[in-house]
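Summary of structural features
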Amino acid sequence: MNDIIIKNISALILPKKSEQPLKGSEMDELEIIEDAMIVIKDGHVVYRGEETKGYEATEEIDADGMVVSPALVDPHTHVVHGGSREHEMALKRQGVDYLTILEQGGGILNTVEQTRKATHQQLLDKASKNIIRMIQHGVLTIESKSGYGLDRENELKQLEVSREISQKFPITMRHTFLGPHAIPKGMDKDVFLDEMIELLDEAQAYADFADIFCETGVFTIEQSRKYMKAANALGMRVKIHADEIDPLGGLELAIEQNAISADHLVAASTNGKNLLPDSDTVAVLLPGTTFYLGKDQFADARGMIENGGAVSLATDYNPGSCVTDNLQMIMAIASLKLKMTPNEIWNAVTVNAAHAIDVDKGTLEAGDQADIVLWDAPNHEYIPYHYGVNHAHTVIAKGQVVYRRPGLEPL
Ligand SMILES: O=C(O)CC1=NCN=C1
Ligand SMILES: [Zn+2]
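Keep in mind it's a predicted model, so treat the numbers as computed, not measured.

A short note on the sheet that holds strand β12 (residues 282–285)
Strand pairing in a sheet relies on backbone hydrogen bonds. The paired strands run either parallel or antiparallel. Read from one edge of the open sheet, eight strands run β6-β7-β8-β9-β10-β11-β12-β13, paired in parallel fashion. Looking at the sheet topology across the chains shown, the edges are occupied by β6 (72–74) and β13 (311–313). Here three bridges tie β12 to β13, and the two strands are oriented parallel to one another. Its bridge partner lying in β13, Ala-283 is registered against Val-311. In the packing of helix α7 (residues 221–233) onto the sheet, contacts are made with β8 (172–177), β9 (209–210) and β10 (237–242), and the angle to β10 comes to roughly 160 degrees. Sitting on the sheet, helix α12 (residues 327–336) touches β6, β7 (139–145) and β13, and the angle it makes with β6 is about 85 degrees.

Shown next as structure tokens:
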């Protein structure tokens, strides 16, 4: 295991480690140390702060004036899935909306068909390409959902692939059972929901959380409550895809059921947003999905933050409603469309994202695992400002360099 000193850091970004997610005005606080260095030993941080003498290491990395931060955390992805849905772009161009495509047997159900056909190895090989890209983009902690199997065999297949990813790559993962993601063709909704509730007990051996898609035409508030109560009764923390398109009151239900996160929230009610600050629920906002669905209304991040809520960001990477694995792009959309400040954005993709999946990541304190990114950027505001490219220059996972941005081949 190399000992490494990273020196000549122009700006070292240090999100605050705390027992609770950052809420309200805390989200705009971000410690940044100039002319800094980091000392890594046995894969962990032993010193981070202003340049100082007295440390030695087998390897020195000259950050050459770059910005350095903890590696990013993506707390909401559907990265394990079969096939793709580019054919749906033609329907979108014709103005067919997301829920109509699903109602017609496409959307999620199209991916279910392709996921059920795929073998474990095929799903692993396909997801591995996205995981590598996420690592190259500075993301080393990832949440991965099932939800494209809709039966025991295929839901567990997805979760097994998800768990194998965490063995195959130097990343930290959290796994979510999203059995009630859609209703299999020809099945009664309540019969199917009871099957997924029945599966919770077995699924909790593979998954950290239980999640449900609460939306018009999918699962109602009452059905979602039934499922979340069953998961809570088993001791599983719950999540919910809530108020993505229609204002069903999913955020209120999330808070009522002590969900660790409520995700999407584009149509969250004022009542729900008022309950958020005093809850233990993190609002995970997915502005890339709003962009991809061609919607004008984005989640009210400003209202949630100014009201004292805890906000995080994620890609929602999936084959139909947000086809990007680039969390840096989400940082830019959060700046442009959610009107979040650079400090809020950095906290939303590090410490608050970590709280949304109950993992101790997103900080660089002594003792923390050395998951670190060197960014080819003049300052921390630059990354949300210059969108659509990868600013990561060097990625260090568990104290080992796992990615260095290549230059051009000799011309
Ligand atoms: O469309 C998909 O595959 C993923 C999704 N689930 C709920 N919203 C989007
Ligand atoms: Zn999702």
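Concerning unusual backbone geometry
One non-glycine residue, Leu-150, lies in the positive phi region at around 60 degrees. Relative to the helices and strands, Leu-150 resides in the loop between β7 and α5 (152–168). Even without being glycine, Lys-339 reaches a positive phi, approximately 60 degrees. Note on placement: Lys-339 falls in the loop between α12 and α13 (342–348). We classify Lys-339 as exposed; its relative accessible area is 53%.

Things to note about the site of ligand 1
Around ligand 1 lies a shell formed by Arg-85, Tyr-98, Ile-108, Tyr-148, His-181, Phe-213, His-241, Glu-244, Asn-318 and Ser-321. Take Arg-85: an N or O atom from its side chain is 2.8 Å from an oxygen atom of ligand 1. Tyr-148 is positioned with one of its side-chain polar atoms (N or O) 2.5 Å from an oxygen atom of ligand 1. In isolation ligand 1 exposes 270 Å². Once the protein is present, 100% of that is buried. The cavity where ligand 1 resides is the largest cavity. Residue composition of the shell around ligand 1, grouped by class: four nonpolar, four polar and two charged.

Regarding the coordination of the zinc ion (ligand 2)
Distances from the zinc ion (ligand 2) to its protein donors, His-76 (NE2), His-78 (NE2), His-241 (NE2) and Asp-316 (OD), fall within 2.0 to 2.5 Å. With four donor atoms in place around the zinc ion (ligand 2) and angles of 82 to 169 degrees between them, the coordination shape is irregular.

Topic: empty space enclosed by the protein
Counting across every chain of the model gives one cavity of 30 Å³ or more. Its boundaries defined by the atoms lining it, the largest cavity holds a volume of some 80 Å³. Surrounding the largest cavity, 13 residues form its lining, His-78, Tyr-98, His-181, Asn-318 and Ser-321 being those nearest its centre.

Thoughts on the side chain of Asn-352
Of note, Asn-352 is situated in helix α14 (residues 351–356). Overall, the relative accessible area of 0% leaves Asn-352 in the buried class. With residues near it in sequence (within four places) discarded, Asn-352 still touches Pro-21, Leu-22, Met-27, Val-282, Ala-310, Val-311, Ser-312 and Asn-347.

Here we look at the packing of aromatic side chains
Taken as a whole, this structure holds four aromatic pairs when the rule is applied. Seen from their ring centres, Phe-192 and Phe-219 are 6.3 Å apart, and the 25 degrees between their planes marks the pair as stacked. Placement of the pair is Phe-192 in helix α6 (residues 189–203) and Phe-219 in the loop between β9 and α7, with a sequence separation of 27 residues. Summarising the burial analysis for this pair, Phe-192 and Phe-219 share the class buried. Judged by centre distance (5.8 Å) and plane angle (75 degrees), the ring pair of Trp-346 and Trp-375 falls under edge-to-face. Of this pair, Trp-346 sits in helix α13 while Trp-375 sits in strand β14 (residues 372–375), placing them 29 residues apart in sequence. Like Trp-375, Trp-346 is buried. In this arrangement the basic side chain of Lys-239 is found over the ring face of Phe-209, its NZ or CZ atom lying 5.0 Å from the centre.

With respect to the layout of surface pockets
Reported here for the largest pocket is a volume of approximately 310 Å³. In this structure, the largest pocket is lined by 18 residues; those nearest its centre are Ser-18, Glu-19, Gln-20, His-355 and Asp-358. No other element matches α14, which puts three residues into the lining of the largest pocket. A class-by-class count of the residues in the lining of the largest pocket yields six nonpolar, four polar and eight charged. Taken as a whole, the second largest pocket spans an internal volume of roughly 210 Å³. As for the second largest pocket, its lining consists of Leu-99, Leu-102, Glu-103, Leu-109, Ala-182, Ile-183, Thr-216, Gly-217 and Val-218. Of the residues assigned to the lining of the second largest pocket, the class counts are six nonpolar, two polar and one charged.

Remarks on the pairing of strand β5 (residues 67–70)
By the bridge criterion, two bridges tie strand β1 (residues 4–14) to β5 in an arrangement that is parallel. Residue pairing across strands places Leu-12 opposite Val-68, the latter belonging to β5. In terms of strand pairing, β5 meets β14 through four bridges, oriented antiparallel. In the strand pairing of β14, Val-67 is matched with Trp-375.

Quick notes on the confidence of the model for the protein chain
Confidence along the protein chain averages 97 in pLDDT terms, with 100% of residues attaining 70 or more. The complex prediction reports pTM at 0.98, with the ipTM value standing at 0.98.

Cut-offs and rules
Residues numbered from 1 in each chain as written. Chains lettered and ligands numbered in written order. Predicted model: local features only at pLDDT ≥ 70, side-chain atom pairs only at ≥ 80, totals over all residues. Heavy atoms only, no water. Pairing = 2+ DSSP bridges. Helix = DSSP H or I, 4+ residues; strand = E, 2+ residues; numbered from the N terminus. Contact = heavy atoms within 4.5 Å. Axes fitted to C-alpha atoms, helices over the stretch in contact; angles between N-to-C directions. Buried < 20%, exposed > 50% of the residue type's maximum accessible area, 1.4 Å probe, protein only. Near = heavy atom within 4 Å. Polar contact = N/O pair within 3.5 Å; in protein donor to acceptor, adjacent residues only side chain to side chain. Areas by Shrake-Rupley, 256 points an atom, 1.4 Å probe, with all protein chains shown as cover. 1 Å grid on protein atoms, 1.4 Å probe; cavity = no way out; pocket = protein on both sides within 12 Å on 5 of 7 lines; lining within 4 Å. Sits in = over half its atoms within 2 Å of the grid points. Nonpolar A, V, L, I, M, F, W, Y, C, P; charged D, E, K, R; others polar. Donors = N, O, S within 2.8 Å, 3.2 Å for Na, K, Ca; no water. Tetrahedral: all angles 85-135°; square planar, octahedral: opposite > 155°, others 65-115°. Points joined across faces, edges and corners; volume = space filled by probe spheres on them. Phe/Tyr/Trp six-rings, centres within 6.5 Å; stacked < 30°, edge-to-face > 60°. Lys NZ or Arg CZ within 6 Å of the ring centre and 35° of its normal. pLDDT = per-residue confidence, 0-100.

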